[in-house]
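# Tertiary structure, described
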Amino acid sequence: VQLQASGGGLVQAGGSLRLSCAASGRGFGNYGMGWFRQAPGEERECVAAIKRSGGDTEYAESVKGRFTISRDNAKSTVYLQMNSLKLEDTAVYYCAASSLGLERATRVASVYSYWGQGTQVTVSS
């Protein structure tokens with residue numbers, strides 16, 4: 001599966017952005033999906049994950065209540081709605097896919113084999 005992330009940009013603190021990740025190839029519904037981010041000098045972290053069927057999600061504590069991950073398997077796309085953005089949300093955001101067929105959403109990076117290119121999100125004061 002190939003992944004194409006989009007939707008990043010410059011936004012003021014408190015604003016919102018929606019990231020999209022479009023997948024090409026077959027069987028999108030069989031992949032667990034995750035959104036990761038990496039800020040300069042920081043390790044990559046998973047901010048949100050969603051089970052292949054969409055029934056289960058997981059979030060990093062730092063984004064709970066502000067970010068929402070969702071997916072549309074008919075469109076082979078996963079989304080990350082980001083509200084109440086903070087300066088510390090500035091990072092390159094990546095989407096990733098796991099073909100392991102896990103029954104729960106997981107934020108463990110090692111289960112993800114397919115990665116999209118990043119999209120920059122910059123939050124300004």
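Check the entry above for the structure.
Below you will find a few notes about this structure. Because the structure is predicted, anything quoted here is derived from the model rather than measured. (Residues numbered from 1 in each chain as written. Predicted model: local features only at pLDDT ≥ 70, side-chain atom pairs only at ≥ 80, totals over all residues. Heavy atoms only, no water.)

To continue, consider the pairing of strand 8 (residues 77-82). Consecutive residues of a regular strand have side chains that alternate between opposite faces of the sheet. Of all 6 residues making up strand 8, 5 are buried, and the element is well covered by its neighbours. The sheet contact formed by strand 3 (residues 17-24) and strand 8 spans 6 bridges and is antiparallel. Counterpart to Ala22 in the pairing with strand 8 is Thr77. As paired strands, strand 7 (residues 67-72) and strand 8 are joined by 6 bridges and run antiparallel to one another. Across the sheet, residue Thr68 finds its bridge partner in strand 8, namely Gln81. The turn joining strand 7 and strand 8, which pair antiparallel and follow one another in sequence, is formed by 4 residues; a positive phi near 55° is taken by Ser76. (Buried < 20%, exposed > 50% of the residue type's maximum accessible area, 1.4 Å probe, protein only. Helix = DSSP H or I, 4+ residues; strand = E, 2+ residues; numbered from the N terminus. Pairing = 2+ DSSP bridges.)

The next subject is the pattern of salt bridges. Taken as a whole and assessed by the stated rule, the structure comprises 7 salt bridges. The partner of Glu45 in a salt bridge is Arg37, with the nearest N and O atoms 2.8 Å apart. Owing to a relative accessible area of 29%, Glu45 belongs among the partly exposed residues under this scheme. Here the salt bridges share partners, and the residues they tie into one network are Arg37, Glu45, Arg66 and Asp89. (Salt bridge = Lys/Arg side-chain N within 4 Å of Asp/Glu carboxyl O.)

Time to look at the sheet that holds strand 3. Strand order in the open sheet made by the 4 strands is 1-3-8-7, with antiparallel pairing throughout. If you trace the sheet from one side to the other, it starts and ends with strand 1 (2-6) and strand 7, each paired once. Taking the axes of each pair of neighbouring strands and ignoring which way they run, one obtains an average angle of 15° across the sheet. (Axes fitted to C-alpha atoms, helices over the stretch in contact; angles between N-to-C directions.)

Attention now goes to the packing of aromatic side chains. Given two aromatic rings, one states the distance between the centres and the angle between the planes to describe the pair. Enumeration over the complete set of coordinates arrives at 3 aromatic pairs. Seen from their ring centres, Phe36 and Tyr112 are 5.3 Å apart, and the 80° between their planes marks the pair as edge-to-face. Of this pair, Phe36 sits in strand 4 (residues 32-38) while Tyr112 sits in the loop between strand 9 (91-98) and strand 10 (114-115), placing them 76 residues apart in sequence. The class of Tyr112 is buried, set by a relative accessible area of 6%. Every member of this aromatic cluster is reached through a ring pair, and the members are Phe36, Tyr112 and Trp115. We note Arg44 situated over the ring of Tyr94; from NZ or CZ to the ring centre the distance is 4.1 Å. Taking the ring centre of Trp115 as reference, the NZ or CZ of Arg44 above it sits at 4.8 Å. (Phe/Tyr/Trp six-rings, centres within 6.5 Å; stacked < 30°, edge-to-face > 60°. Lys NZ or Arg CZ within 6 Å of the ring centre and 35° of its normal.)

We now examine the pairing of strand 1. A one-sided burial pattern is seen for strand 1, the buried positions being Leu3 and Ala5 and the unburied ones Gln2, Gln4 and Ser6. As paired strands, strand 1 and strand 3 are joined by 5 bridges and run antiparallel to one another. Looking at the pairing, Gln4 lines up with Ala22 of strand 3.

Relative to the elements of secondary structure, Thr106 occurs in the loop between strand 9 and strand 10. On the accessibility criterion, Thr106 (17% relative accessible area) is buried. A polar contact is formed between the side chain of Thr106 and the backbone nitrogen of Val108, at a distance of 3.2 Å. Those residues in contact with Thr106 that lie beyond four places of it in its chain are Ala49, Val111 and Tyr112. (Polar contact = N/O pair within 3.5 Å; in protein donor to acceptor, adjacent residues only side chain to side chain. Contact = heavy atoms within 4.5 Å.)

In short, geometric facts, not functional conclusions.
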